[in-house]
Amino acid sequence: MKKELASKEPRSTPPPPLPDPDLSTSNESDIDVKIIGYDAMIQTQCSKKNHPAARLMAALKELDLDVHHANVSVVNDLMIQQATVKMASRIYTPERLRKALSSKVGDVR
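Residues numbered from 1 in each chain as written. Predicted model: local features only at pLDDT ≥ 70, side-chain atom pairs only at ≥ 80, totals over all residues. Heavy atoms only, no water.

Of the regular secondary structure elements, the protein chain holds 3 helices and 4 strands. Along the protein chain, helices and strands appear, N-terminal first, in the series α-β-β-α-β-β-α. By residue count, 27% of the 109 residues in the protein chain fall in the buried class. Restricting to contacts in the protein chain with at least 6 residues of sequence separation, those with at least 24 account for 68%. For the protein chain, the computed accessible surface area is about 7500 Å², with 54% contributed by carbon and sulfur atoms. (Helix = DSSP H or I, 4+ residues; strand = E, 2+ residues; numbered from the N terminus. Buried < 20%, exposed > 50% of the residue type's maximum accessible area, 1.4 Å probe, protein only. Contact = heavy atoms within 4.5 Å. Areas by Shrake-Rupley, 256 points an atom, 1.4 Å probe, with all protein chains shown as cover.)

Written out as structure tokens, the structure reads:
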């Protein structure tokens, strides 16, 4: 059975990320993205106003990312969200995913 599972899941290196020629550098410290292979770990910090957790989940769905784990914590007016997602049909760089999330989630401050 182990051999069968090993043959179904190739251990090859993930394909290179898609290039983004119009990527601009910005200081978006409220969204942190780390990517390891096909998995991405996302953390946001923002005000708890205007349902930021729902906006983040909708953005992840729009970006075709499969959520494996999500956590939301609130301290006073600060909401901290963490999500681990699997990149299925699209591969992102950390900068590109951060930019895409920022544009879909809106002002996270």
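Before going further, it helps to examine the environment of Gln81. Looking at the secondary structure, you find Gln81 in strand 4 (residues 78–87). Put simply, Gln81 and Asn71 are 10 residues apart on the chain and 5.7 Å apart in space, counted from C-alpha to C-alpha. With near-sequence residues (within four places) excluded, Gln81 lies in contact with Ile42, Gln43, Thr44, Cys46, Pro52, Ala53, Leu56, Asn71 and Val72. At 3.4 Å, the side chain of Gln81 and the backbone nitrogen of Ala53 are in polar contact. (Polar contact = N/O pair within 3.5 Å; in protein donor to acceptor, adjacent residues only side chain to side chain.)

Next up on the list: the pairing of strand 3 (residues 65–75). With 10 bridges connecting them, strand 3 and strand 4 associate as antiparallel partners. Bridged to His69 within strand 4 is Thr84. (Pairing = 2+ DSSP bridges.)

Once that is clear, we can look at the sheet that holds strand 4. The sheet built from 4 strands is open, its strands ordered 1-2-4-3 with antiparallel pairing. Of all strands in the sheet, those bounded by a partner on one side alone are strand 1 (31–36) and strand 3. Strand-to-strand twist in this sheet, taken as the mean axis angle between neighbours without regard to direction, amounts to 10°. Both strand 1 and strand 2 (residues 39–47) contribute to a ladder of 6 bridges, which runs antiparallel. Residue pairing in the sheet places Ile35 in a bridge with Ala40 of strand 2. Contacts between helix 2 (residues 52–62) and the sheet are confined to strand 2, strand 3 and strand 4, with strand 4 contributing the most and set at about 15° to the helix. Helix-sheet contacts for helix 3 (residues 94–105) involve strand 1, strand 2 and strand 3, and the interaxial angle to strand 1 is about 140°. (Axes fitted to C-alpha atoms, helices over the stretch in contact; angles between N-to-C directions.)

Purely geometric stuff here, so don't read any function into it on its own.
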